[in-house]
Amino acid sequence: MREIIHPLHRFIRPGVLATTNCPGCGNGIAAQAILRAIDELGLNLDDFIFVTGIGCSAWIPSPFFNVDVLHTTHGRPIAFALGIKMGLPQKKVVVTSGDGDLAAIGGNHLIHNARRNVEMVVICLNNGIYGMTGGQAAPTTPLGLKTATTPYGTFENPFDISGLVMAAGASFVARWTTYHPRQLTASIKKAIQKKGFSFIEVITQCPVQFGRKTGSGSAVEMLKEYKGRSISVKEAAKLTEEEIRGRIVVGELRDKDVPEMLSEINKIKERVLKEKA
Ligand SMILES: Cc1ncc(C[n+]2csc(CCOP(=O)(O)OP(=O)(O)O)c2C)c(N)n1
Ligand code: SF4
Ligand SMILES: [Mg+2]
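Below is a summary of the structure that appears in this document. Given the structure is predicted, the values throughout are model-derived calculations rather than measurements.

1. Let's talk about the side chain of Ser97
One can find Ser97 in strand β3 (residues 92–98). Among the polar contacts listed, one links the side chain of Ser97 to the side chain of Asp101, at a separation of 3.2 Å. Here Ser97 is in contact with Thr52, Gly53, Ile54, Ser57, Pro77, Leu102, Ile123, Cys124 and Leu125, once residues within four sequence places are set aside.

2. Quick word on the site of ligand 2
Residues in close proximity to ligand 2 include Asn21, Cys22, Cys25, Cys56, Asn127, Gly131, Cys206, Pro207 and Gln209, which together make up its full environment. A class-by-class count of the residues in the shell around ligand 2 yields five nonpolar, four polar and no charged.

3. Remarks on the site of ligand 1
Taken together, 16 residues sit near ligand 1, with Cys56, Ser57, Asp99, Asp101 and Gly131 positioned nearest. Within the backbone of Gly100, one N or O atom sits 2.9 Å away from an oxygen atom of ligand 1. Within the contact set of ligand 1, an oxygen atom lies 2.8 Å away from a backbone nitrogen or oxygen of Gly131. Burial of ligand 1 by the protein chains amounts to 73% of its free accessible area of 590 Å². Counting residues per element, the shell around ligand 1 draws most heavily on helix α3 (residues 99–105), at four residues.

4. Let's talk about empty space enclosed by the protein
This model, assessed by the stated rule, comprises one cavity of 30 Å³ or more. By volume, the largest cavity amounts to about 60 Å³. Lining the largest cavity are Lys85, Lys92, Val93, Val94, Glu119, Met120, Val121, Ala191, Ile192, Lys194 and Gly196. Among the secondary structure elements, those contributing two or more residues to the lining of the largest cavity are β3, β4 (120–126) and α6 (181–193). Here the lining of the largest cavity gets three residues from one element, more than from any other, and that element is β3. Classifying every residue of the lining of the largest cavity by side-chain character gives six nonpolar, one polar and four charged.

5. Concerning the layout of surface pockets
In this structure, the largest pocket spans a volume of roughly 1,100 Å³. Contributing to the lining of the largest pocket are 31 residues, with Phe159, Asp160, Arg229, Arg247 and Ile248 lying nearest its centre. Looking at the lining of the largest pocket, the elements that each hand over two or more residues are α5 (161–168), β6 (197–203), α8 (219–229), α10 (241–244) and β8 (248–255). For the lining of the largest pocket, the element with the most residues is α8, which contributes four residues.

6. Things to note about the coordination of the magnesium ion (ligand 3)
Note on metal geometry: ideal angles are 109.5 degrees for four donors arranged tetrahedrally and 90 or 180 degrees for six donors arranged octahedrally. The protein atoms that coordinate the magnesium ion (ligand 3) are Asp99 (OD), Asn127 (OD1) and Ile129 (O), at distances of 2.1 to 2.2 Å. Site description for the magnesium ion (ligand 3): donor spacing in sequence, D-x27-N-x1-I. Of the two residues, Asp99 sits in helix α3 while Ile129 sits in the loop between β4 and α5, which places them 30 residues apart along the sequence.

7. Section: unusual backbone geometry
Along the chain, Ser62 connects to Pro63 via a cis peptide bond; the corresponding omega equals 5°. Among the secondary structure elements, Pro63 is positioned in the loop between β1 (48–52) and β2 (68–71). Within the chain, Asn117 stands out as a residue other than glycine whose phi angle is a positive 55°. Along the chain, Asn117 falls in the loop between α4 (107–116) and β4. What makes Asn117 buried here is its relative accessible area of 0%.

Parameters at a glance
Residues numbered from 1 in each chain as written. Chains lettered and ligands numbered in written order. Predicted model: local features only at pLDDT ≥ 70, side-chain atom pairs only at ≥ 80, totals over all residues. Heavy atoms only, no water. Helix = DSSP H or I, 4+ residues; strand = E, 2+ residues; numbered from the N terminus. Polar contact = N/O pair within 3.5 Å; in protein donor to acceptor, adjacent residues only side chain to side chain. Contact = heavy atoms within 4.5 Å. Near = heavy atom within 4 Å. Nonpolar A, V, L, I, M, F, W, Y, C, P; charged D, E, K, R; others polar. Areas by Shrake-Rupley, 256 points an atom, 1.4 Å probe, with all protein chains shown as cover. 1 Å grid on protein atoms, 1.4 Å probe; cavity = no way out; pocket = protein on both sides within 12 Å on 5 of 7 lines; lining within 4 Å. Points joined across faces, edges and corners; volume = space filled by probe spheres on them. Donors = N, O, S within 2.8 Å, 3.2 Å for Na, K, Ca; no water. Buried < 20%, exposed > 50% of the residue type's maximum accessible area, 1.4 Å probe, protein only.

Next comes the structure, spelled out in structure tokens:
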């Protein structure tokens, strides 16, 4: 019998057989979209360095992708990514981390590196909750939702992370859900080729913590809900803020050329060296 090998199998670290993520978790869809984007661009994993924080989403590349991965501390992947990019500018640096990691404890690294427009791709797995630690409320948890830390419902307004990153100055920002793997792959391909801070928010299902504790149901029901709630950027532009409430605006929200910090530093270096010569 002929053995059927998955087309992305060559990207998986030999000997790694099982995932720590739960059945039905959206992280698998995001993982495939990342690898498919690299494959379709004809790139090799040696061209990349992946960086993660701490959380379920941090386990997307580590240890499964056969690539150099830094599995760092909670909230700090972007700081590590900046250091890597400064030391190894020829590498493509990709951060995959959670909404809690990037928008709560790591919020300042996120906004300041978006402002600096440092060349890197940040993929934020937004499941609306702290998944790995047992379903506590995150800065993205919808208002009023019952979680492990808010048994009577949350009382804080959630962040619009993509809006925050856009306002901070990133050159490329896109939002998709795990219902949109093809569109997500296309945006990741674009992000990898951009010279600037590229941020991709992936609204992703956590059936175990978000789904079970909030009564949202199974992975399939959550995906159906994403389908029903999603609206394109183009369609959303025709509606009022009130009409968009509760919908997920998906698409490429920003694609702009903005000065990139490390290139600006090099320009200054060259100028000063010329002046001193
Ligand atoms: C400094 C520090 N604070 C808190 C924690 C505990 N902690 C680990 S993961 C996590 C939250 C994970 O949520 P998120 O980043 O959204 O990732 P998810 O598991 O949902 O993918 C927390 C609070 C930690 N490891 N280190
Ligand atoms: S707890 Fe949620 S986010 Fe974490 S692996 Fe399980 S389903 Fe995925
Ligand atoms: Mg999370």
